[in-house]
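Residue-level listing of the chains:
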Amino acid sequence: TDIKLDRSIAPDKSYIPSGVKLSPLGIMIYGENNGLYETSENRDSVWSTSDEKLDSVKIIRKDSSAVEYNAYLSLCAVNGKGKEYDTVIFSTFFKEPTDIADIDGVEIDGVFYEF
């Protein structure tokens, strides 16, 4: 499932969360580069322009319980033509298959994005 996030509530950081790809097996939060890195004109080179880190990611369930994750894969450039995003903010696999209908949203660095 591809879920768009409300970009207007994103804090002023070097990345802007814009969507989530969610399955029973895992989650990937993607977004846009906002000063996190620069690329060469043909996008074959990427270099960091920010030392900003992802502080926290929580999956919030409909019963208001939360699961906090340490970053498995976070804040990296995506090099692919035709993608609607250029940054992976966070990605992980769940310990066991999860009913995605039970997930209410995600909290990224203290900001809650409702699905």
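Look up: the structure comes first, before these words.
Attention here is on the structure that accompanies the text. Not measured: the values here are computed from a predicted model.

The rules we used
- Residues numbered from 1 in each chain as written.
- Predicted model: local features only at pLDDT ≥ 70, side-chain atom pairs only at ≥ 80, totals over all residues.
- Heavy atoms only, no water.
- Helix = DSSP H or I, 4+ residues; strand = E, 2+ residues; numbered from the N terminus.
- Buried < 20%, exposed > 50% of the residue type's maximum accessible area, 1.4 Å probe, protein only.
- Contact = heavy atoms within 4.5 Å.
- Areas by Shrake-Rupley, 256 points an atom, 1.4 Å probe, with all protein chains shown as cover.
- 1 Å grid on protein atoms, 1.4 Å probe; cavity = no way out; pocket = protein on both sides within 12 Å on 5 of 7 lines; lining within 4 Å.
- Points joined across faces, edges and corners; volume = space filled by probe spheres on them.
- Core = buried A, V, L, I, M, F, W, Y, C linked by side-chain atoms within 4.5 Å.
- Pairing = 2+ DSSP bridges.
- Axes fitted to C-alpha atoms, helices over the stretch in contact; angles between N-to-C directions.
- Nonpolar A, V, L, I, M, F, W, Y, C, P; charged D, E, K, R; others polar.

1. So, the overall build of the protein
The secondary structure content of the protein amounts to 0 helices and 11 strands. Along the protein, helices (α) and strands (β) appear in the sequence β-β-β-β-β-β-β-β-β-β-β when read from the amino end. Here the protein holds 115 residues, and 40% of them are scored as buried. Partitioning the intrachain contacts of the protein with sequence separation of at least 6 by distance along the chain shows that 51% fall at a separation of at least 24. Summed over all atoms, the accessible surface of the protein reaches about 6800 Å², with 46% contributed by carbon and sulfur.

2. Description of the layout of surface pockets
Put simply, the largest pocket is a space of about 180 Å³. Lining the largest pocket are I59, R61, V67, Y69, F93, F94, K95, E96, P97, T98 and I103. The set of elements that each furnish at least two residues to the lining of the largest pocket consists of β6 (57-61) and β7 (66-69).

3. A word on the nonpolar core
Core analysis: the largest hydrophobic core is formed by 23 residues, its most contacted members being V20, I27, I29, L54, F90 and V106. Of all the secondary structure elements, the ones that give two or more residues to this core are β2 (15-23), β3 (26-33), β6, β9 (87-93), β10 (103-108) and β11 (111-114). Sort the elements by how many residues they give to this core and β2 lands first, with 4 residues. Core analysis: the second largest hydrophobic core is formed by 5 residues, M28, V78, Y85 and V88 among them.

4. Description of the pairing of β6
Both β6 and β7 contribute to a ladder of 4 bridges, which runs antiparallel. Its bridge partner being in β7, K58 is matched across the sheet by E68. Between β6 and β7, which pair antiparallel one after the other, the connecting turn spans 4 residues, and S64 there sits at a positive phi close to 75 degrees. Strand direction decides the pairing type here: β6 and β10, joined by 5 bridges, are antiparallel. Across the sheet, residue I60 finds its bridge partner in β10, namely G105.

5. A closer look at the environment of D55
Structurally, D55 is set in the loop between β5 (46-48) and β6. With relative accessibility at 59%, the residue D55 sits in the exposed group. When the C-alpha atoms of D55 and G110 are compared, they prove to be 8.4 Å apart, with 55 residues separating the residues in sequence. Not counting residues up to four positions away in its chain, the partners in contact with D55 are K13 and D109.

6. Observations concerning the sheet that holds β6
Overall, antiparallel pairing links the 4 strands, which are arranged β7-β6-β10-β11 in an open sheet. Strands with a single pairing partner mark the edges of an open sheet, and in this sheet they are β7 and β11. Across the sheet, the mean angle from the axis of one strand to that of its neighbour is 25 degrees, orientation sign disregarded.

7. Observations concerning empty space enclosed by the protein
Taken as a whole and assessed by the stated rule, the structure comprises 1 cavity of 30 Å³ or more. Approximately 30 Å³ is the volume found for the largest cavity. Every residue lining the largest cavity is listed: P11, K13, Y15, P17, I108, D109 and Y113. Along the lines of polarity and charge, the residues of the lining of the largest cavity split into 5 nonpolar, no polar and 2 charged.

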